[in-house]
Amino acid sequence: MALAEGEIAQVRAATDIVALIGEQVALKKTGRRWTGLCPFHGEQTASFSVNAEEGVYYCFGCRASGDAITFVRETQHLDFMDAVRLLADRANITLHEDANAGPAMKDRHEFLSAMERAIEYYHQQLLDSPSARPAREYLKSRGINGDVARQFHLGWSPDDWDALMKAVPMSDKVLTGTGLGFTNSRGRKQDFLRARIVFPIYDVSGRAIAVGGRILPEAAANFRGDGRVEPKYKNSSETAIYSKRRTLYALNWAKDNIVKTDEIIVCEGYTDVIAFFMAGMPRAVATCGTALGEDHFRTMKNFAKRIVLAYDADQAGQSAAASVYQWEKQYEIDVAVAKLPKGTDPAELAQRDPEALREAIAQAVPFLEFRLSRVLDAANLATPEGRARAAELAVAVISEHPSDLVRDQYVMNIADTLKLDSAVLRPRVTDALRRGPRSEVSSPETPRVPPAQREALSRPGVAALKLTIDYRTLALARLVPEYFVDTVQRDAFEALLVNESVSQAANELLTRGDAEAAELLQQLATQEPLELSSESQYISDVTAQLVRSASRSALLDLERNLRSGESSAENVMTTIRDVRDRLEKLDSDEAEIAENELREWLQSLETVSES
Ligand code: ZN
């Protein structure tokens, strides 16, 4: 039996969290907060803090956090429903427990069922329709026969603008909610995919949530008359049931083998994933049209400790090293890279030489070793000058790793390889560390900020969240989700955006399993409120910093696309120039215009990358 969302909110609102916690902890009023000795860890000085207005608590010692329901669950070891029942009793509220889910839930069911019908339709088209013959032949040429097509429920979207809309009629709401179609300029409903092989995308529990479509090779050349190039892959955009940065293609099928082997293989495309399954390694997943990001790692760590990147060598080398090391540490995982022969992708190798593919996975090397070997492979080790140059590059790569123990072992390795004394290399690594990570994009100077606020500005995402909590109206007038590069911070901001209070926001995050973002909000809410002498100056400074870091990270993505040949050089160079220009103007009289333009640019990127 489910509890109605409204009733849970009612129970929460009716509970005085200070009185509730006060039954177990001696709370004292300090400023606008209540503090006391933490009931969750032993301590002598009070680091446990309660925010009565928001109804949340946070411990600065052990980081325990939550609301009234969490507190009851944790201290009395109850599950969610029983904790709500207990609090309801306490507040004299009668719960109407029934299976009648809220309207959002109903919509979700409707979207999921439409998605399932669409995928079934596409699948039958691929299996039976005469017009799908080229698709079947193409798949067969890649070693994908009928059985495999059935296993992955592959489909075919006919070469027609509304074949799906006719076969599976949808309301406007379902159309948007599934991303399966759109309303065209004539006001008619049109299919999202046309003349493409359909790869249905499932969530981890096996519910179809989105579709990816691959164009046939011969169609790619002459698909459009207007000279525009059709993308090879098209993924449905984000919807109420589909979040790209949380989704891994094929995890639903791969998870058993992943858990059994404690290893997860990450590749770039849907056909690569299928190739791994066919080569006897049914533990491969792929991202869905986005770079591998923190949310993916957070998901993967629940299933396996070892993550093997099976990318094309150049792609793997370009993964953001600093983030990978940070996630390795944070999520206690090991990231390794499979050394695939240059220029081959897993799908080709699986077809040509499956044994070599298995070998590449088994011999995958740690991420740092992989990056080092790329430097050394490219170097001329025959001359002293060549070896010295290689040493400089290697030192830069090694210095990116956060662990001194790891760094030192690699220093000894390269000293050996390069016939240098490790005592000469060590101070250089230390120097490189002090200089900080090499930035690929030149950074405009930091703005002039009062010292007290400078620390906050070094973490502009956190500062912006605190601002949103304390000065909601002011902050929401300036900030947008696209400004937040860090996914946890972005989740937290999005939750604040759609919920009126911090506790509602935190609850929504917890319901979605995003405990980290919820905890961040609870922590910020229990800190003393900001006291600003000039609110508008501070919010301008924070916004400018956020825009800067979001733009820089987007520029890095662009440069990556440029190197991998995904985007045309001319367009990208123009964009990069424009963006740098505006970044500089953020410090000038034209700051407001520059900020607006950068915001529009960042928001347009989101839409492009999702199509
Ligand atoms: Zn504590």
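Structure shown above.
Asks: Let's hear about the side chain of Ser551: which residues, and what values?
Replies: For Ser551, the position within the fold is in helix α28 (residues 535-563). A distance of 2.7 Å separates a polar side-chain atom of Ser551 from the backbone oxygen of Val547.

Asks: Could you give me a rundown of the nonpolar core, with the residues and numbers involved?
Replies: Judged by nonpolar contacts, the single largest core of 114 residues is most densely connected at Leu154, Leu164, Tyr249, Phe276, Phe297 and Leu309. It is helix α5 (residues 103-128) that contributes the most residues to this core, nine residues altogether. Setting aside residues up to four positions removed in sequence, Tyr249 forms contacts with Phe152, Phe199, Pro200, Ile201, Tyr270, Val273, Ile274, Ala284, Val285, Ala286 and Cys288.

Asks: Can you lay out the environment of Pro200 for me, pointing to particular residues and giving the numbers?
Replies: As for its placement among the helices and strands, Pro200 is situated in strand β9 (residues 196-202). The sequence separation of Pro200 and Glu120 amounts to 80 residues, and the corresponding C-alpha distance is 9.7 Å. With residues near it in sequence (within four places) discarded, Pro200 still touches Ile119, Phe152, His153, Leu154, Ala210 and Tyr249.

Asks: Before we move on, can you summarise the environment of Asp421 with the specific residues and values?
Replies: Inspection of the secondary structure puts Asp421 in the loop between α20 (404-417) and α21 (422-435). Along the chain, Asp421 and Val411 lie 10 residues apart, while their C-alpha atoms are 9.5 Å from each other.

Asks: How would you summarise the packing of helix α23 (residues 460-470) against helix α27 (residues 515-526) if you had to cite specific residues and measurements?
Replies: Here α23 crosses α27 at 65°, and the two axes come no closer than 10 Å. Along this stretch, α23 crosses α27, giving a crossing that reads as right-handed. Taken together, the residues of α27 that come into contact with α23 (itself represented by Val462, Leu465, Lys466 and Ile469) are Leu520, Leu521, Leu524 and Ala525.

Asks: Break down the packing of aromatic side chains for me, citing the residues and quoting the values.
Replies: Counted according to the given criterion, the structure contains 17 aromatic pairs. Consider the rings of Tyr57 and Phe71, whose centres lie 5.6 Å apart with planes at 80°: the pair is edge-to-face. Here Phe71 lies in helix α3 (residues 68-76) and Tyr57 lies in strand β4 (residues 56-59), a separation of 14 residues in the sequence. Considered together, Tyr57 and Phe71 belong to a single accessibility category, that of buried residues. With a centroid separation of 5.7 Å and an interplanar angle of 50°, the aromatic rings of Tyr121 and Tyr122 are classed as tilted. When the ring centre of Phe192 is taken as origin, the NZ or CZ atom of Lys234, which lies over that ring, is 4.7 Å away.

Asks: Describe the coordination of the zinc ion, listing the residues and the values that go with them.
Replies: Perfect tetrahedral coordination of a metal by four donors corresponds to 109.5 degrees between them, and perfect octahedral coordination by six donors corresponds to 90 or 180 degrees. Surrounding the zinc ion are the protein donor atoms Cys38 (SG), His41 (ND1), Cys59 (SG) and Cys62 (SG), which sit 2.1 to 2.3 Å from the metal. Look at where the donors of the zinc ion fall in the sequence and you get C-x2-H-x17-C-x2-C. Look at Cys62 and you get partly exposed, because its relative accessible area is 34%.

Conventions and cut-offs
Residues numbered from 1 in each chain as written. Predicted model: local features only at pLDDT ≥ 70, side-chain atom pairs only at ≥ 80, totals over all residues. Heavy atoms only, no water. Helix = DSSP H or I, 4+ residues; strand = E, 2+ residues; numbered from the N terminus. Polar contact = N/O pair within 3.5 Å; in protein donor to acceptor, adjacent residues only side chain to side chain. Core = buried A, V, L, I, M, F, W, Y, C linked by side-chain atoms within 4.5 Å. Buried < 20%, exposed > 50% of the residue type's maximum accessible area, 1.4 Å probe, protein only. Contact = heavy atoms within 4.5 Å. Axes fitted to C-alpha atoms, helices over the stretch in contact; angles between N-to-C directions. Left-handed = near helix turned anticlockwise from the far one by under 90°. Phe/Tyr/Trp six-rings, centres within 6.5 Å; stacked < 30°, edge-to-face > 60°. Lys NZ or Arg CZ within 6 Å of the ring centre and 35° of its normal. Donors = N, O, S within 2.8 Å, 3.2 Å for Na, K, Ca; no water.

Such coordinate-based values are descriptive only and should not be taken to indicate function.
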